[in-house]
Amino acid sequence: TDTDTSDEAVRATCDDATACKRFAISKGYWKDPYIQYFVRSVGERKAPEINRGYYGRVRGVNHLLDAFIKKTQRDCQVINLGAGLDTTFWRLKDEDLLPKKYFEVDFPTVVARKIHYIKTKPHLSKPIIETHSTDSLLLDAHSLDSDRYCIIGSDLRDIATLDEQLKKYHLNPELPALLLSECVLVYMTPAQSSNLVHWAANTFHTAMFINYEQVNMSDRFGQVMIENLQRRQCTLAGVEVCRSLDSQKDRFLRTGWDHADALDMVTVYSMLPQEDVARIERLEFLDEKELLQQLLQHYSICWATKDKLSLGLSQLAF
Ligand code: SAM
């Protein structure tokens, strides 16, 4: 059916993200010793503006994520929604920033692939075993559960199952939670993403949600981005919410979140540590600066908080 084709195209987007990150890492934009285990070869060259865009995305999201973990003194849980082949769990472990528990959710077929890589690569499995206290680690084809890391195969549009699965693996509604979605909500209808965001606000009294995705999509450049994805059968069902920074914030403010902020990536990029930005801008020559500006203008980070424990979450920013 059409739904199957388009879901399959959505699942394939995690390989694009991993391939682009892998290439940028090979050029020295940032370090990630784990990504090589999820995609073996560096693959075809990516344009310098793409690499700079991924650099901004990774640095920008990590800035807020790390700030939350430090604010809660690691006494928290992280839930990466539509995590794909993301390597954040291993980075946090290495940087001594591991939360009480790190959860990931993606479609069962994506999760099965990730678990296969973990099972067969000691560099990936060792940190999971090291942080686990007993020898009864759950590891089957469709889920992995250890003390500190859990991967769940579930459709994010099916909230009842998602909630049930997360609770089965000891998600703790009383513990501050960081929810993260990177290029994920855009593949759902506005109603479906609102339900998800609403579920999160209902489940936790103290939480932060970080969402990275397209914005300012109503102009000509946005139209071209949509057409490029459609050519690969990928429907941006949620593109309506990607109209503006305000519509990004509204999704949260209408569903029980107390505070929301959103910045386009031109702004985020300009607020990143400028010595490091200068370093990466020397890695590859970029002839047309306009190209990077256009790309950054069409992505955003939106973050929302609710803070019953008064941890000061609404102050987290760039
Ligand atoms: N967040 C990862 C990253 O930034 O590297 C992966 C991004 S990839 C563009 C989008 C991911 O969201 C894919 O892995 C896809 O399978 C997942 N995804 C999209 N819709 C989903 C849904 N309804 N349920 C579960 N996963 C979903």
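Scroll up a little and you will see the structure.
Criteria and cut-off values
- Residues numbered from 1 in each chain as written.
- Predicted model: local features only at pLDDT ≥ 70, side-chain atom pairs only at ≥ 80, totals over all residues.
- Heavy atoms only, no water.
- Helix = DSSP H or I, 4+ residues; strand = E, 2+ residues; numbered from the N terminus.
- Rg over C-alpha atoms; globule rule 2.2 N^0.38 Å.
- Contact = heavy atoms within 4.5 Å.
- Areas by Shrake-Rupley, 256 points an atom, 1.4 Å probe, with all protein chains shown as cover.
- Lys, Arg positive; Asp, Glu negative; His and termini not counted.
- Charge placed at Lys NZ, Arg CZ, Asp CG, Glu CD.
- Near = heavy atom within 4 Å.
- Polar contact = N/O pair within 3.5 Å; in protein donor to acceptor, adjacent residues only side chain to side chain.
- Nonpolar A, V, L, I, M, F, W, Y, C, P; charged D, E, K, R; others polar.
- Expected span 1.5 Å × (residues − 1).
- Buried < 20%, exposed > 50% of the residue type's maximum accessible area, 1.4 Å probe, protein only.
- Salt bridge = Lys/Arg side-chain N within 4 Å of Asp/Glu carboxyl O.
- Core = buried A, V, L, I, M, F, W, Y, C linked by side-chain atoms within 4.5 Å.
- Phe/Tyr/Trp six-rings, centres within 6.5 Å; stacked < 30°, edge-to-face > 60°.
- Pairing = 2+ DSSP bridges.
- Right-handed = clockwise from strand over helix to strand, strands pointing away.

Student: For this particular structure, what's the right way to read the overall build of the chain?
Tutor: Tallying secondary structure elements over the chain gives 12 helices and nine strands in all. Taking 20 Å as the expected radius of gyration for a compact globule of 318 residues, we find that the chain reaches 19 Å, a close match to that expectation. With the C-alpha coordinates of the chain rotated into their principal frame, the extents come out at 55 × 50 × 45 Å. The long-range fraction of contacts in the chain, counting pairs at least 24 apart against all pairs at least 6 apart in sequence, stands at 77%. Of the accessible surface of the chain, which amounts to about 14200 Å², a share of 49% is contributed by carbon and sulfur atoms. With 39 positive and 45 negative side-chain charges, the chain shows a spacing of 4 Å between the two charge centroids.

Student: I would appreciate a short explanation of the site of the ligand in the present structure.
Tutor: In the vicinity of the ligand there are 20 residues, among which K21, R57, G82, D106 and L156 approach most closely. Within the side chain of R57, one N or O atom sits 2.7 Å away from an oxygen atom of the ligand. Within the side chain of D155, an N or O atom sits 2.9 Å from a nitrogen atom of the ligand. Taking 600 Å² as the accessible area of the ligand by itself, protein coverage stands at 97%. A per-element tally of the shell around the ligand places helix α1 (residues 2-27) first, with six residues. Residue composition of the shell around the ligand, grouped by class: nine nonpolar, four polar and seven charged.

Student: For this particular structure, what's the right way to read helix α2 (residues 48-71)?
Tutor: Owing to its 3.6 residues per turn, the α-helix brings residues three or four apart onto one side. The end-to-end C-alpha separation of α2 is 34 Å, in line with the 34 Å expected for 24 residues at 1.5 Å each. Among the 24 residues in α2, 18 count as buried, and that is most of the element. Downstream of α2 by one or two residues, Q73 has phi in the positive range, about 50°.

Student: I would appreciate a short explanation of the pattern of salt bridges in the present structure.
Tutor: Pairs can form between side chains of opposite charge whenever their charged atoms are close. Tallied over the full model, the rule gives 23 salt bridges. Ionic pairing is found between R57 and E182, a salt bridge with its closest N-O pair at 2.7 Å. Residue R57 is located in helix α2, and its partner E182 is located in strand β6 (residues 177-182); the two are separated by 125 residues in the primary sequence. Of the two residues, R57 and E182, both sit in the buried class. The residue E130 makes a salt bridge to K126 at a minimum N-O spacing of 3.3 Å. Highlighted residues: E130 and K126, both in helix α5 (residues 122-130), separated by four residues, approximately one helical turn. E130 sits in the partly exposed class, given a relative accessible area of 48%. Judged by relative accessible area, K126 falls into the exposed class, the value being 53%. Here the residues in one salt-bridge network are K21, R57, D86 and E182, joined through shared partners.

Student: Just to check I follow, could you spell out the nonpolar core for this structure?
Tutor: Buried together is how nonpolar side chains tend to be arranged in soluble globular proteins. One finds W90, Y149, I210 and I301 to be the most contacted residues of the largest nonpolar core, which totals 71 residues. With eight residues, the top contributor of residues to this core is α2. Apart from residues no more than four positions distant in its own chain, Y149 is found in contact with F89, W90, K101, Y102, E104, K114, I118, I128 and L144.

Student: Can you help me understand the packing of aromatic side chains in this one?
Tutor: The geometry of two aromatic rings is summed up by the distance between their centres and the angle between their planes. If you walk through the whole model with that rule in mind, you get 14 aromatic pairs. Relative to Y149, the ring of F89 lies with its centre 4.2 Å away and its plane at 10°, an arrangement referred to as stacked. A residue pair is termed long-range when its members are at least 10 positions apart, and F89 in helix α3 (residues 88-94) and Y149 in strand β5 (residues 149-153) qualify at 60 residues. Like F89, the residue Y149 is buried in the burial classification. Residues Y102 and Y149 carry aromatic rings whose centres are separated by 6.0 Å and whose planes lie at 50° to one another, so their mutual orientation is tilted. One end of the pair, Y102, is in strand β2 (residues 101-106); the other, Y149, is in strand β5, and 47 residues separate them in sequence. Take Y102: its relative accessible area is 0%, and that puts it in the buried class. A residue is classified by how much of its surface remains accessible, and Y149, at 0% relative accessible area, is buried.

Student: Mind showing me how you'd approach the pairing of strand β7 (residues 206-214) here?
Tutor: Every regular strand shows the same layout, with side chains that alternate between the two sheet faces. With respect to burial, β7 is a largely interior element, nine of its nine residues being buried. Note that β6 and β7 share six bridges and pair parallel. Bridging from a neighbouring strand, E182 pairs with Y212 of β7. With helix α7 (residues 190-203) bridging β6 and the parallel β7, this β-α-β connection has right-handed handedness. Pairing of β7 with strand β9 (residues 299-307) involves nine bridges; the strand directions are antiparallel. Its bridge partner being in β9, T206 is matched across the sheet by D307.

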